[in-house]
Every structure is written in C-alpha cells, then in structure tokens.
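An overview of the molecular structure
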Amino acid sequence: MHVDRLSAALLAAAAVLWSAPAAAQTRFAWPDTAVDVSQYTTVEDCTAAVVRVREGLTRHRRRTVWRDTLPWNPREPMDSLPAPLVETAQRCTARFRAASVPLADYALVLPLFLTAGRDADAGVLVSRRLAALDASRSTKADAERAAVMDTIFRVYLEARPARVAAAESLAVRLRRTTARPLRADPAIHLLDMYMQLVYRARLVEDTALMRTRAAEVVALLDSIPAAERPAIEDKIGVAQFNLLAYSALAARTGWQAALDSLRKSTAAFIALQQSLWMKASGERPDALGFPIGKRAPVLAGDFRFGPDSASPQIPVPGKVNLIVFLGDMCMEVTPESHFPPTDACLPTMATLRRLAARFPSLAITAVDHTYGYYMYLPPPAPADEAQLMWKSLAAHRMPGSLVVSTTPFWRLPAPDRRRIDSEKIPNDTPYSFGKSWAITAGAAFLIDREGIIVYPTGSITRESEHQVSDIIEILLEREHASR
C-alpha cells in the first residue's frame, strides 16, 4: 500500500515540475572572466600583468613575422610599444603616484611608468631615489650610487622607445658625483654605461655621436689611476678590459677612417688596427695576441660538406672567406623536428643568407666539432653526428660549406663511463689568439684572398651585418680590380 502512495507522490511532484511556468526557468550564463587590471593593488601584480601581455604579443608576432630574420632597421630601438601593452600599463599603474610610491619598489615601478608613457612620473621617481642616496664621497657611498644609477640607466636604455637622453644624463651625473681619483667599482659602472651609449649610437647608425661618446670612454680610461687598473682587470677580466679599451679607441677613430685605410691596402688597415690594440692592451708589437694581420690557420676537418668540401684547404685560397664558428646553436633543428631554434640560430642563418645573396663569390664556411650526442638520439658515431649537423643547417638553408672535426675525449672509469672532452678543441684552439680572443658560438673571421685575417667579430648578427658587408665589399672590389 505504501508503494502505491509513494508512486502517487512522485507522479504529483513530476506534474508540478513539468507544469511550472517558463518564466521561472533560469538560463545558465558564463561568468565574466575579463581581467580588470585597474583593480590590481600591488606593483608585483601590475608587473606580472604587463609581462603576460608582452609575452602574448611576442608569441603572436613570432607566428606572423620573424623580425629577427629581417635586415637590421636602425629605427628599431626607437619603435613605440604596441597599444595593448601601453594601455595595460596605464590602467594598472593609475593608482600609483610617483611622489608616494615606496622607494623600495622603484626598480619595478620605473619600467612600468615608462611602458605607460608616464615619463614625467618616472623622472619624479628617479629624483626621489637619487635624493635618498648618501651624498658623501666615501667608497661605500660611491659604490651604492654607481649601482643605483646603473640600474636606472639600464631601465631607461632598454625601454621602448629607448630614453637615450635620460640615460645619458645619468651617466654624466654619475661621472660628476664620483670621487676622484676613480676607484675600481664606480669606474667599471661608468665604463659600462658609456660603452652602452657608444653601442646605442652604433645601432642607430649615428657615426658622429658614436665617435663623440667613444672619446668620452677613452677620456675615462685615461683618468683611471694605474694603481686601480689591476683591480678592474681582476673584476671584469684582462681580456674584457683590453677589448673594451680597443673598442673605444676604434669607435673614436671612426668606421669611415678604418674603411679608408682598407681601401688603400690590407697592410694599412692592419697597421691602424694593431696600433689601436697596442695602445689599448699595452702589448709589444712582437707579442700581439690579436687576430687582425695573422695568417688564418687551415681548418682541420674530418668531415666536410657543401660546395667547397673538395677544396685542398679551407679557408679557400684565392677567395675572400667568411669563417663562422657555430658551436651547437643550430644542432637541435632538423627537418623532422618540431623543437624551436635557439635565439641566435635564426638571425645568424638569415644574415648569412643575405650576405651570400649579395656576395655570390664569398666563400662561407661554418665550423663545428662533435659532441658525442645529438638531441634525443642515442649517441651517434662521429660521422653520423656530422651528417646530422649538416642536415640541420640544410633545414635553415645555410649557404656555403660545413667543416666538422672529431673532438678528442676520454671516459671516467666504470661504472660511470662519463665522456670528458679535451679542452683543446680542433680549430677552436688555433683560432683563439692570445688571452682576448677565445672562440665562442657565433664568432666569425673575414679573411682576404691572401689568407690574412682582416676582421674578426664576436658574432654575426643583423646589427653588425652592415659592418661585415662594408669589409667584404672592399675586399671583393680589390679582388676584381686585380684581375
């Protein structure tokens, strides 16, 4: 009996539910997930929001335009930021007042203000931070002042568009407020700041400004007491100090003066560059650890690929040669691979393709050595590894040839059996000159048709492409004129 009553109750309930008026029904609505960055209350949250938007825009741009494979445009450092990024920074920082934001957060707030286009507020914040510094001329005060100004300087210079004038004013202020004679720590900061300004002038191809700023670096170097130089060399390295001094002297001399000497003769160009190096490093003429003017060592290659693979030797005699030491910058990309290339590989390969298209008679050779592994594959034999390297470069349409040497190695005793490569890498060792020219990934050497090194560069980049092109053009013009 109770079963009948339960069934009747269920039927009645069902009737009520199904006969409820339509007006009582509620349609499901998705919650509003839009992020309102204006409600963010901390500097850290705003920084994270701006980073997220920047990374999203960067990912989108990489899918549409590979900007790093395009020729260098000197206007790039002064390009404006995308509107969505600027708007995010503006909305998120609207609650922050430059006159009251905690100084402990200045290193985070300053780039946010610049991204938002709040340059006046950025200036107020910087003034507050500098006013809080110890104004004495003690060693500790000098070091703190240099560190803070260096941080602000980098934020200004790395902003988009770069605030070069504001960065330069900081360098000038640090130079004026630092005790004399210069000590090691502030000297290092000052040298780095002024060399950054030299490099920035080179990027925008303002040769007059580059020479002016380089002259300031040379004056700084001359003002450093001899007793402080060992401390500077100890902190940044002798090689780095020599390269810095040489770069400053070369920039002050001017790129056009260097090209004019090369048009006269290779000997004139070598004499100019060697004189600058001797002044920068203090080395004797008979003991120069400097590649310009040296005969290019013949490359040792157990495996050769490409158009010049049958040449009796490389650099190819009678041709202008460009030798590029790749390291392993491109080895993770094969036609079958979905792995992304490194940041250096794509622009380097694109630059080499442009150079080859512009100068068809240029002999381009990439140099590498075996590592005992390749990506996720079982350790291949040296010949197989070299073949995979060539396959990777073919995927990038690298022009020219490839020379691969077998790296000597030994193994730890069993059961470890770990591979330990020799420190003397074939080709890397003979192309490392003195203490200042160690081979790194991307290092390149331009060699004239007599086999003399004319121009070494730490890397082949889109920013330096025009300088490399200038040298190649002159060398090829002389080669054609001699025929």
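The rules we used
- Residues numbered from 1 in each chain as written.
- Predicted model: local features only at pLDDT ≥ 70, side-chain atom pairs only at ≥ 80, totals over all residues.
- Heavy atoms only, no water.
- Buried < 20%, exposed > 50% of the residue type's maximum accessible area, 1.4 Å probe, protein only.
- Helix = DSSP H or I, 4+ residues; strand = E, 2+ residues; numbered from the N terminus.
- Pairing = 2+ DSSP bridges.
- Disulfide = S-S within 2.5 Å.
- Phe/Tyr/Trp six-rings, centres within 6.5 Å; stacked < 30°, edge-to-face > 60°.
- Lys NZ or Arg CZ within 6 Å of the ring centre and 35° of its normal.
- Axes fitted to C-alpha atoms, helices over the stretch in contact; angles between N-to-C directions.
- Parallel < 35°, antiparallel > 145°, perpendicular 65-115°, else oblique.
- Contact = heavy atoms within 4.5 Å.
- Expected span 1.5 Å × (residues − 1).
- Left-handed = near helix turned anticlockwise from the far one by under 90°.
- Salt bridge = Lys/Arg side-chain N within 4 Å of Asp/Glu carboxyl O.
- Lys, Arg positive; Asp, Glu negative; His and termini not counted.
- Polar contact = N/O pair within 3.5 Å; in protein donor to acceptor, adjacent residues only side chain to side chain.

A separate point is the pairing of strand β8 (residues 453–457). Along β8, five of the five residues are buried, which leaves the element largely enclosed by surrounding structure. Here strand β7 (residues 444–447) runs beside β8; their pairing, made up of four bridges, is antiparallel. Bridged to phenylalanine 445 within β8 is proline 456. Following β7, the chain reverses through five residues before pairing antiparallel with β8; glycine 451 in that reversal takes a positive phi of roughly 85 degrees.

All chains considered together, the criterion is met by two disulfides. Here cysteine 46 pairs with cysteine 92 through a disulfide, and the sulfurs are 2.0 Å apart. Linking cysteine 46 and cysteine 92, the disulfide has an S-S dihedral of approximately -95 degrees and is accordingly described as left-handed. Linking cysteine 46 in helix α2 (residues 43–64) with cysteine 92 in helix α3 (residues 83–93), this pair joins segments that are 46 residues apart in sequence. For the residue pair cysteine 46 and cysteine 92, the accessibility class agrees, reading buried in each case. The partner cysteine of cysteine 330 in its disulfide is cysteine 345, sulfur to sulfur 1.9 Å. Between cysteine 330 and cysteine 345, the disulfide has an S-S torsion of 115 degrees and is therefore right-handed. Of the two residues, cysteine 330 sits in the loop between β2 (321–325) and α14 (345–358) while cysteine 345 sits in helix α14, which places them 15 residues apart along the sequence.

With that settled, the discussion passes to the packing of aromatic side chains. Evaluated as defined, the whole model comprises 13 aromatic pairs. Seen from their ring centres, tryptophan 277 and phenylalanine 290 are 5.0 Å apart, and the 15 degrees between their planes marks the pair as stacked. A residue pair is termed long-range when its members are at least 10 positions apart, and tryptophan 277 in helix α13 (residues 266–281) and phenylalanine 290 in the loop between α13 and β1 (303–305) qualify at 13 residues. Judged by centre distance (6.4 Å) and plane angle (85 degrees), the ring pair of tyrosine 431 and phenylalanine 433 falls under edge-to-face. In this structure tyrosine 431 comes out as buried when scored by relative accessible area, which is 0%. A relative accessible area of 8% means that phenylalanine 433 is categorised as buried. Over the ring of tyrosine 194 we find arginine 175, and its NZ or CZ is 5.8 Å from the ring centre. Stacked on the ring of phenylalanine 409, the Lys or Arg arginine 419 has its end atom at 4.0 Å from the ring centre.

Once that is clear, we can look at the packing of α2 against α3. For the pair α2 and α3, interaxial distance at closest approach is 9 Å and the crossing angle is 170 degrees. One finds that α2 runs roughly antiparallel with respect to α3. For the pair formed by α2 and α3, the contact residues are Cys46, Ala49, Val50, Val53, Arg54 and Leu57 on the first element and Pro84, Leu85, Thr88, Ala89, Cys92 and Thr93 on the second.

Once that is clear, we can look at the sheet that holds strand β4 (residues 401–405). The six strands lie next to each other as β1-β4-β3-β2-β7-β8, forming an open sheet whose pairing is mixed. Sheet topology places β1 and β8 at the edges, where each strand pairs with a single neighbour. Within the sheet, the average angular offset between the axes of one strand and its neighbour, ignoring direction, is 20 degrees. Where β2 lies against β7, four bridges are found, and the strand directions are antiparallel. From the neighbouring strand, leucine 322 faces β7, where its bridge partner is leucine 446.

Further remarks concern helix α11 (residues 238–253). Between its first and last C-alpha, α11 extends 23 Å over 16 residues, near the 22 Å set by a 1.5 Å rise per residue. Of the positions making up α11, those classed as buried are Phe241, Asn242, Leu244, Ala245, Tyr246, Ala248, Leu249 and Ala251. Contacts made by the buried residues of α11 are with α8 (184–203), α9 (207–223), α10 (229–236) and α13. Count one or two residues on from α11 and you reach glycine 254, which has phi positive near 105 degrees.

Before going further, it helps to spend a moment on the packing of α11 against α13. Following both chains from N to C, one finds α11 and α13 inclined at 135 degrees, their axes separated by 8 Å at the closest point. Taken together, α11 and α13 sit at an angle that is classed as oblique. Two packed elements cross with a definite hand, and for α11 against α13 that hand is right-handed. For the pair α11 and α13, contact is made by Asn242, Leu243, Ala245, Tyr246, Leu249, Ala250, Arg252 and Thr253 and by Leu272, Gln273, Leu276, Trp277, Lys279, Ala280 and Ser281, respectively.

Moving on, we come to the environment of methionine 193. As for its placement among the helices and strands, methionine 193 is situated in helix α8. A residue is classified by how much of its surface remains accessible, and methionine 193, at 0% relative accessible area, is buried. Once the C-alpha coordinates of methionine 193 and proline 77 are considered, the two residues, 116 residues apart in sequence, prove to be 17 Å apart. Setting aside residues no more than four positions away along its own chain, methionine 193 makes contact with Met149, Asp150, Phe153, Leu170, Ala171 and Leu174.

Before going further, it helps to spend a moment on the pattern of salt bridges. Side-chain pairs of opposite charge can arise where the charged atoms are in close proximity. Per the stated rule, a full pass over the model turns up 17 salt bridges. Residue arginine 145 is joined to aspartate 142 by a salt bridge in which the shortest nitrogen-to-oxygen separation is 2.7 Å. Note that arginine 145 and aspartate 142 are positioned in helix α6 (residues 139–158) at a spacing of three residues, about one turn of the helix. You can call arginine 145 buried: its relative accessible area is 5%. You can call aspartate 142 buried: its relative accessible area is 2%. The residue glutamate 233 makes a salt bridge to arginine 229 at a minimum N-O spacing of 2.7 Å.

Attention now moves to the side chain of aspartate 428. Position of aspartate 428 relative to the elements: it lies in the loop between β6 (419–421) and β7. For the buried aspartate 428, no salt bridge is present, and the opposite-charge side chain at shortest range is arginine 419, 12 Å distant. Not counting residues within four places of it along the chain, the set of residues in contact with aspartate 428 comprises Phe325, His369 and Ile439.

Further remarks concern the side chain of aspartate 368. Secondary-structure assignment places aspartate 368 in strand β3 (residues 363–369). The side chain of aspartate 368 is buried and forms no salt bridge, while arginine 419, the nearest opposite charge, is found at 10 Å. At 2.8 Å, the side chain of aspartate 368 forms a polar contact with the side chain of tyrosine 371. Not counting residues up to four positions away in its chain, the partners in contact with aspartate 368 are Leu326, Gly327, Asp328, Met389, Val403, Val404 and Ser405.

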